[in-house]
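# Commentary on secondary and tertiary structure
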Amino acid sequence: MEWDHEADLKRGLSNMRNSRNLSESDGGVMEYTRRRHRYLGEYVHVDVSDQFSLFGKLSISLIYFAFWVFLMFPNWFLPIGRPGIALGGGLCMVVFRYILLLTGQGPAFDAAKVIILEPLFLLFGLMLTTIYLEKMERGGLFDKLRDSLDDPVNWKRSAKIMAMSTIGSAAVMNDSVVLIFSGVVVDLCVRHKVANSLPYLLSLATTANTGSALTMTGNPQNILIVSLAYDDISWTEFLSNMVLPVTAASIINAVMLFCYYSGELFPGSSGLLECFGIVFSGNRTPEMLAQEHAYHARNVTSQDDVVDSSGWTVWSKIQIVIVAIFLVCFAVGLDVCVTSICAGAVLMVLAAWKRQHYDPKPELVEYDAEGNALPPKKMYDMDGNEIEPEEEELVTESETTLTEVDYGLLMLFIGQFILIGSFDDTGVPQAFFSAAMGGCAEQMTSVPCVYWFVLVITILSNVASNVPVVQMLAATFPYATPYDWMQVSFSATIAGNLTMLGSAANMIVAFQAAKVGDRTFTSERHAPFGIPSTILSLYAGTFLLSMVHFSPECSVKLGECDE
């Protein structure tokens, strides 16, 4: 169809503020979206599904689902890993789309347009910041956080893990928190000789997912949502909407965890009433008292070997100041990508200066079999002249801390962006979502349709992972209101607790625990707690978010709020 720009400008948006379903003679939903793209002059998602043949749509769908299976079960065939599988899938999709273009079975595919850079920049900045906070100083801020999790009382130790995981995930992304603290939790379980480490691992994983829903930087799907949302959503706006539902979901998750695993967390208790009495009154059972005595006895015998690290060094104080400035910059509305990368860069410069001018130099002296120091080796040139030793080569950040950035995670997202971007072009996921919503397709986030909407998002997030689902929804309703995106964010994030495969954080906890020999965190053991806890948390939070929210239920940029 030819584009009459002058006619569009005269019409404006006055004939598009009601239902998206224009009459068939006017072009229907696709013409409605096409007109808005022209008028607004911004790229969101251009519908090209009518340019695919049936073979093109089916083949693209098969490629997407084949690589989805590989991503869910990465060790079935070859030990390539999820990042390699996703990147390979993206490249296969680009090549196959070119073949479809040559054979007239589909349109051209611009892979660069579906790779959304803002989440990649923010992920890199957050990983850089987190790594330098952890590695900058032994006994520093992160080590003190680890030490603070220890407690002789089982339920208090679990509560501390949940509190740390919730707050940490909201601040610096859930994947980073569980990656750092999974080994710490397993170490605590070994140190206290617990019979079942599952409740402690669940305390870390489930609250990391729940807490990450609080802020736009808490997880990858929230980062993606803010990048894709048509109307601007600030960090404080996101936080203010999520406080009530996340608080409710956190309380429900904690109470259910204490109830499900009362035998481990409250040893010697006779029932749930006694467990709650222990929490609120501070009572102890004989078994709990015995554990406390054993804990203090171990501390007394090992106190001579422990170096006192109770003080805050200047480097720890600098870390606290940088983190505080980091969060303030988020709150006042500065660009989150620039803020996170700048924080990581500042910490990198400080760490490099500290290592060069402050840290003790490594000893390069060699010793013989009896422990005697050997003289330095001398080298001579062809004429027999002694060669003066060169100055010690400096160790750079590229050789040390920067190698610990999870570049594979960035590759994983790039591959997923290409896979789901091409799949969205076919129109198949949008058609499935519209069919699943049925009569609620026009009022997805209004009561009572919002509860069915949340259920569909939850199922899709566990079947196809939450990040691809968010990208699919951006193509399904590109002009969704900020409130619509709040509901998507909350449901897609909390849905990660439904199954172990529903969230990357869950899989990281299971993988990190298995690396040190703890294989208690499996899909079968996660499900009895994860399914009921997630459903209750999800619907309680959805109810609160639908009743109390501060984001508009209209689009400011489209002028809908003026009415």
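Sequence order sets the numbering: in each chain, residues are counted from 1 along the sequence as written. Thresholds applied to this predicted model are a pLDDT of at least 70 for local features of residues and 80 or more for the giving and counting of side-chain atom pairs; totals over whole chains, interfaces and linings are not thresholded and use all residues. Hydrogen atoms and water are omitted, and side-chain values are computed over all heavy atoms in the structure.

## Some remarks on the overall build of the protein
- In DSSP terms, a helix is any run of H or I states spanning at least four residues, a strand is any run of E spanning at least two, and both are numbered starting from the N terminus. Check the secondary structure of the protein and you find 24 helices and 2 strands.
- Out of the 563 residues belonging to the protein, those deemed buried represent 50%.
- By definition, residues are in contact when any of their heavy atoms lie within 4.5 Å. For the protein, the share of sequence-separated contacts (at least 6 apart) that also reach a separation of at least 24 residues comes to 75%.
- Per-residue and other accessible areas follow the Shrake-Rupley method at a 1.4 Å probe size, with only the shown protein chains counted as cover for residues. Accessible surface, the protein: about 27400 Å² in total, of which carbon and sulfur atoms supply 64%. Only protein chains enter the accessibility calculation, which uses a 1.4 Å probe; a residue whose area is less than 20% of its type maximum is buried, one above 50% is exposed, and one in between is partly exposed.

## Considering the packing of aromatic side chains
- Only rings of Phe, Tyr and Trp enter the pairing, Trp through its six-membered ring, and a pair is recorded when the two centres are within 6.5 Å. The plane angle decides the type: under 30 degrees is stacked, over 60 is edge-to-face, the rest tilted. Tallying each qualifying case throughout the model produces 15 aromatic pairs.
- When the centroid spacing of 5.5 Å and the interplanar angle of 80° are considered together, the rings of Tyr-260 and Phe-529 count as edge-to-face. Here the residue Tyr-260 occupies a position in helix 12 (residues 235-260), and Phe-529 occupies one in helix 24 (residues 523-547), the gap between them amounting to 269 residues.
- Judged by centre distance (6.2 Å) and plane angle (55°), the ring pair of Tyr-261 and Phe-529 falls under tilted. Of this pair, Tyr-261 sits in the loop between helix 12 and helix 13 (262-265) while Phe-529 sits in helix 24; the two residues are 268 residues apart in sequence, bridging distant segments of the chain.
- The rings of Tyr-64, Phe-65 and Phe-423 are connected pair by pair, giving a single aromatic cluster.
- Put simply, a charge is over a ring when the Lys NZ or the Arg CZ is close to the ring centre, within 6 Å, and near the line of the ring normal, within 35 degrees. Lys-354 extends its terminal NZ or CZ atom over the ring of Trp-315, reaching a point 5.8 Å from the ring centre.
- Over the aromatic face of Tyr-230 sits the side chain of Lys-557, whose NZ or CZ is 5.3 Å from the ring centroid.

## Focus: the environment of Ser-240
- When you line up the elements, Ser-240 lands in helix 12.
- Given a relative accessible area of 30%, Ser-240 falls into the partly exposed group.
- Between the C-alpha atoms of Ser-240 and Val-548, which are 308 residues apart in sequence, the distance is 9.9 Å.

## Side note on the nonpolar core
- In plain words, nonpolar cores are sets of buried Ala, Val, Leu, Ile, Met, Phe, Trp, Tyr and Cys residues tied together by side-chain atoms within 4.5 Å. Judged by nonpolar contacts, the single largest core of 133 residues is most densely connected at Phe-181, Phe-433, Leu-473, Trp-485 and Phe-521.
- Beyond its immediate sequence surroundings of up to four residues, Phe-521 is in contact with Leu-198, Leu-201, Leu-202, Ala-205, Met-500, Asn-506, Val-509, Ala-510 and His-526.

## Quick look at the packing of helix 10 (residues 198-212) against helix 12
- Fitted lines through C-alpha atoms give the axes, limited to the stretch in contact for helices. The angle between two N-to-C directions lies from 0 to 180 degrees. In contact at an axis separation of 10 Å, helix 10 and helix 12 are set at 170° when each is read in the N-to-C sense. One element, helix 10, and the other, helix 12, form an angle in the roughly antiparallel class. When helix 10 is examined against helix 12, the residues Pro-199, Leu-202, Ser-203, Thr-206, Thr-207 and Thr-210 are found in contact with a partner set consisting of Val-246, Ala-249, Ser-250, Asn-253 and Leu-257. To sort the angles, those under 35 degrees are grouped as roughly parallel, those over 145 as roughly antiparallel, those from 65 to 115 as roughly perpendicular, and the leftovers as oblique.

## Brief notes about the layout of surface pockets
- The rule is simple: put a 1 Å grid over the protein atoms alone, call a set of points where a 1.4 Å probe fits but cannot get out a cavity, call an open set with protein on both sides within 12 Å along at least five of seven lines a pocket, and count a residue as lining if it has an atom within 4 Å of a point. Grid points are joined across faces, edges and corners, and a volume is the space filled by probe spheres set on the points. Approximately 1400 Å³ is the volume attributed to the largest pocket.
- Lining the largest pocket we find 50 residues, and of these Arg-82, Ala-504, Met-507, Ile-508 and Phe-511 sit closest to its centre.
- Elements supplying a minimum of two residues to the lining of the largest pocket: helix 3 (54-72), helix 4 (82-102), helix 6 (117-135), helix 9 (174-191), helix 11 (220-228), helix 18 (407-425), helix 21 (466-476) and helix 23 (504-515).
- In the scheme used here, Gly and all other residues not listed as nonpolar or charged are polar, with Ala, Val, Leu, Ile, Met, Phe, Trp, Tyr, Cys and Pro taken as nonpolar and Asp, Glu, Lys and Arg as charged. For the lining of the largest pocket, the class distribution of residues is 25 nonpolar, 18 polar and 7 charged.

## Side note on the side chain of Gln-319
- Looking at the element boundaries, Gln-319 is found in helix 16 (residues 314-331).
- By relative accessible area, Gln-319 is classed as buried at 0%.
- By the criterion applied in these results, polar contacts are pairs of N or O atoms within 3.5 Å in which, for protein atoms, one can donate a hydrogen and the other can accept it, and in which residues neighboring in sequence qualify only through two side-chain atoms. Among the polar contacts listed, one links the side chain of Gln-319 to the backbone oxygen of Leu-133, at a separation of 3.0 Å.

## With respect to the confidence of the model for the protein
- Averaged over every residue, the pLDDT of the protein is 80; the share at 70 or more is 85%.
- Mean pLDDT per element in the protein: helix 2 (residues 28-40) is the minimum at 41, and helix 12 is the maximum at 94.
- Known as pLDDT, the predictor's per-residue confidence is scaled from 0 to 100. Confidence drops under pLDDT 50 across residues 1-22; counting only partners more than four residues distant or on other chains, this segment forms 38 contacts.
- Below pLDDT 50 for its whole length, residues 304-308 participates in 0 contacts with residues either more than four positions away or in separate chains.

## Description of the side chain of Asn-154
- For Asn-154, the position within the fold is in helix 8 (residues 154-172).
- One polar contact links Asn-154 to Arg-157, side chain to side chain, over a distance of 3.1 Å.

## Considerations on the pattern of salt bridges
- We count a salt bridge whenever a side-chain nitrogen from Lys or Arg sits within 4 Å of a carboxyl oxygen from Asp or Glu. The full count for this structure, using the stated rule, is 6 salt bridges.
- One salt bridge in this structure joins Arg-191 and Asp-150, with 3.0 Å as the shortest N-O distance. Placement of Arg-191 in helix 9 and of Asp-150 in the loop between helix 7 (141-148) and helix 8 is noted, with a sequence separation of 41 residues between them.

## A short note on unusual backbone geometry
- In this structure, Pro-448 follows Val-447 across a cis peptide bond, with omega equal to 5°.
- Mapped onto the fold, Pro-448 is located in the loop between helix 19 (428-437) and helix 20 (449-464).
- You will see that Lys-193, though not glycine, has its phi angle at about 55°, which is positive.
- You can see Lys-193 is positioned in the loop between helix 9 and helix 10.
- The exposed category is assigned to Lys-193, whose relative accessible area is 73%.

## A word on the state of the cysteines
- A pair of cysteine sulfur atoms is labelled a disulfide when the two atoms are within 2.5 Å. Evaluated as defined, the whole model comprises 2 disulfides.
- The partner cysteine of Cys-554 in its disulfide is Cys-561, sulfur to sulfur 1.9 Å. Handedness of the Cys-554-Cys-561 disulfide follows from its S-S torsion of about 110°: it is right-handed.
- Given a relative accessible area of 30%, Cys-561 falls into the partly exposed group.
- Counting only the cysteines that form disulfides, in the order they appear in the protein, gives the pairing 1-2, 3-4.

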